[in-house]
Amino acid sequence: MSLVGNRPQFVKAAPLSRALRARGTEILVHSGQHYDPELADLFFDELAIPTPDHALGVGKGTPLGQLAAMLTGLEGLVAAERPDVLLVYGDTTTTLAGAICAAKSGVPLAHVEAGLRAFDRTMPEEQNRVTTDHLSELLFCPTPVAVANLQREAITTGVHMVGDVMLDAALLFADAAAHRPGPEAYGLSPREYILMTVHRAAATDTREALASLVQVLGALPGPVLFPVHPRTRTKLADAGLWDAAAALPGVQLVAPVGYLEFTRLLTQARAVVTDSGGVQKEACLHRIPCVTLRDTTEWTETVTHGFNTLTGLDPSRVASALAHAAIPESAPDLYGDGHASARIAEILERFVAAR
Ligand code: UDP
């Protein structure tokens, strides 16, 4: 049983669901954490993700309210289906709900993207990933850094270094993405513009952070294309800052786009400015310089190898990072060989057969 619930998880499930179904039966459950069509339905259609067998439909709510609703929905589902394994992705409320439910139901838990650490336990995502890793029987790590992080927490059994499923997705959909409308659709030229995304609590939960975000936006050199996450749009509007952001010269605020169009826009960008986990890594995969509006990252190797600079929400640090942003020619490939999904499916098959 695989549990998904939001945008990055749909992207990760696209290659892995195929690999799982090539070897066995997958019951796909959608928690409903992301319910906007532009963050959910679009991804199922575009990436040909199978229709979920079950939808918990939790919808809007506080993280704890959503967690409670997911646990209630999942408990009955897991009891009825008795899956051999419950598989969760990444670090969201959906991930945590799956982890708790699996542990309490006596179902083995498998975690895709295990071992990531930003070393900041105030981040909801860090709380989710640490808890999930400690409850998991199978831990699928994207990098040796992730394996080492787990080792430091004394997690050594069930750990598999498989590579990154987002690289699998990037390769699987590379052709389709190359045929999507590029920057020209927004009146921009390749390598001219900065692509921006922002959605995390730290950048959107307080008026102060939102004001800094607008300052950062105003200080970016050159044209900016910013597909705005619905959460960020609502928070900016509620803080009375939307109009100021929309009026900034050279800045285009647009609706979130699908994965294929986003990939096309990313590969053509001059640089990416983001607080997203997945986008930092995708920038690295496509060798586009990345500036991350946070003080920590769980994808630490992107910084170590010069793909990514951490700036927080500080306009002058962002401008300086962009002025120096360039991918070092010697930078290695960090995320495996594009066969992570096949490896995970094979390991799961062996695990289930051995039980
Ligand atoms: N993405 C997308 N459209 C957008 C912005 C992002 O398809 O307008 C994709 C992006 O390619 C990546 C994923 O969404 O695969 C990242 O999701 P998000 O930033 O919401 O979550 P995070 O990775 O931070 O958990």
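A brief look at the structure comes next.

What counts and what doesn't
- Residues numbered from 1 in each chain as written.
- Predicted model: local features only at pLDDT ≥ 70, side-chain atom pairs only at ≥ 80, totals over all residues.
- Heavy atoms only, no water.
- Helix = DSSP H or I, 4+ residues; strand = E, 2+ residues; numbered from the N terminus.
- Contact = heavy atoms within 4.5 Å.
- Buried < 20%, exposed > 50% of the residue type's maximum accessible area, 1.4 Å probe, protein only.
- Lys, Arg positive; Asp, Glu negative; His and termini not counted.
- Salt bridge = Lys/Arg side-chain N within 4 Å of Asp/Glu carboxyl O.
- Near = heavy atom within 4 Å.
- Polar contact = N/O pair within 3.5 Å; in protein donor to acceptor, adjacent residues only side chain to side chain.
- Areas by Shrake-Rupley, 256 points an atom, 1.4 Å probe, with all protein chains shown as cover.
- Pairing = 2+ DSSP bridges.
- Axes fitted to C-alpha atoms, helices over the stretch in contact; angles between N-to-C directions.
- Core = buried A, V, L, I, M, F, W, Y, C linked by side-chain atoms within 4.5 Å.
- Right-handed = clockwise from strand over helix to strand, strands pointing away.

1. A short note on the environment of L71
- With respect to the secondary-structure elements, L71 resides in helix α3 (residues 63-81).
- Through-space distance from the C-alpha of L71 to that of G98 is 7.6 Å; in sequence the pair is 27 residues apart.
- If we skip the residues at most four places from it in the chain, L71 touches A97, I100 and C101.

2. Thoughts on the side chain of D91
- With respect to the secondary-structure elements, D91 resides in the loop between β4 (86-89) and α4 (93-105).
- Setting aside residues up to four positions removed in sequence, D91 forms contacts with E125, N128 and R129.

3. Re the side chain of D168
- Looking at where D168 falls in the secondary structure, it is placed in helix α7 (residues 165-172).
- The side chain of D168 sits in the buried core without any salt bridge; R343 is the nearest counter-charge, 6.8 Å away.
- If we skip the residues at most four places from it in the chain, D168 touches P15, G338, H339, A340 and S341.

4. Some points on the site of the ligand
- In the neighbourhood of the ligand, 17 residues make up the surrounding shell, with V257, S276, G277, G278 and E282 lying closest.
- Within the contact set of the ligand, an oxygen atom lies 3.0 Å away from a side-chain nitrogen or oxygen of R200.
- One nitrogen or oxygen atom from the main chain of G278 is found 2.7 Å from an oxygen atom belonging to the ligand.
- Look at the ligand: alone it shows 540 Å² of surface, and the protein chains cover 97% of it.
- When contributions to the shell around the ligand are tallied by element, the ones reaching two or more residues are α1 (7-23), α13 (259-268) and α14 (277-285).

5. Observations concerning the pattern of salt bridges
- Applying the stated criterion across every chain, the model contains 19 salt bridges.
- Here K281 and D164 are joined by a salt bridge, their closest N and O atoms 3.0 Å apart. Here the residue K281 occupies a position in helix α14, and D164 occupies one in the loop between β7 (159-161) and α7, the gap between them amounting to 117 residues.
- According to the relative accessible area criterion, K281 is buried, its value standing at 0%.
- Among the ionic contacts, a cluster of salt bridges with common partners joins D91, E126, R129, R294 and E298.

6. Comments concerning the pairing of strand β8 (residues 194-197)
- Burial along β8 is two-sided: I194 and M196 facing one way and L195 and T197 facing the other are all buried.
- Note: β8 against strand β9 (residues 224-227), 2 bridges, orientation parallel. Its bridge partner being in β9, I194 is matched across the sheet by V224.
- In the sheet, β8 pairs with strand β11 (residues 271-274) via 4 bridges, with the strands oriented parallel. Its bridge partner being in β11, M196 is matched across the sheet by V273.

7. Concerning the sheet that holds strand β3 (residues 54-55)
- Strands sit in the order β3-β2-β1-β4-β5-β6-β7 across an open sheet of 7 strands; the sheet is parallel. What marks the edges here is a single partner per strand, and that holds for β3 and β7.
- Of the strand pairs in this sheet, strand β1 (residues 2-4) and strand β2 (residues 28-30) are connected by 3 bridges, and their pairing is parallel. Within β2, the residue paired with S2 across the bridge is L28.
- Helix α17 (residues 340-353) rests against β4, β5 (109-112), β6 (138-141) and β7 of the sheet, and its axis sits at about 165 degrees to β6.

8. A look at the nonpolar core
- Judged by nonpolar contacts, the single largest core of 36 residues is most densely connected at L47, F140, Y259, I344 and L348.
- Looking at this core, the elements with two or more residues in it are α1, α2 (41-46), β4, β5, β6, α7, α13 and α17.
- Among the elements that line this core, the one with the most residues is α1, at 7 residues.
- Each residue touching L348, except ones within four places of it in the same chain, is listed here: L20, V85, L87, A110, L138 and F140.
- Core analysis: the next-biggest nonpolar cluster, separate from the first, contains 28 residues, V198, L236, L253 and L293 among them.

9. A few points about the pairing of β4
- Residues L86 and V88 line one face of β4 and the alternating positions L87 and Y89 line the opposite face, and both faces are buried.
- Relative to β4, β1 runs parallel, the two sharing 2 bridges. Within β4, the residue paired with L3 across the bridge is V88.
- As paired elements, β4 and β5 share 4 bridges and run parallel to each other. Residue pairing in the sheet places L87 in a bridge with A110 of β5.
- A crossover connection joins β4 to the parallel β5 through α4; in handedness this β-α-β unit is right-handed.

10. Side note on the sheet that holds strand β10 (residues 251-254)
- Within the open sheet, the 6 strands sit side by side as β10-β9-β8-β11-β12-β13. Their pairing is parallel. Looking at strand neighbours, the two that pair on one side only are β10 and β13 (308-310), the edges of this open sheet. Strand-to-strand, the axes of this sheet are offset by a mean angle of 20 degrees, without reference to chain direction.
- Lying on the sheet, α13 is in contact with β8, β9 and β11; it crosses β8 at an angle near 135 degrees.

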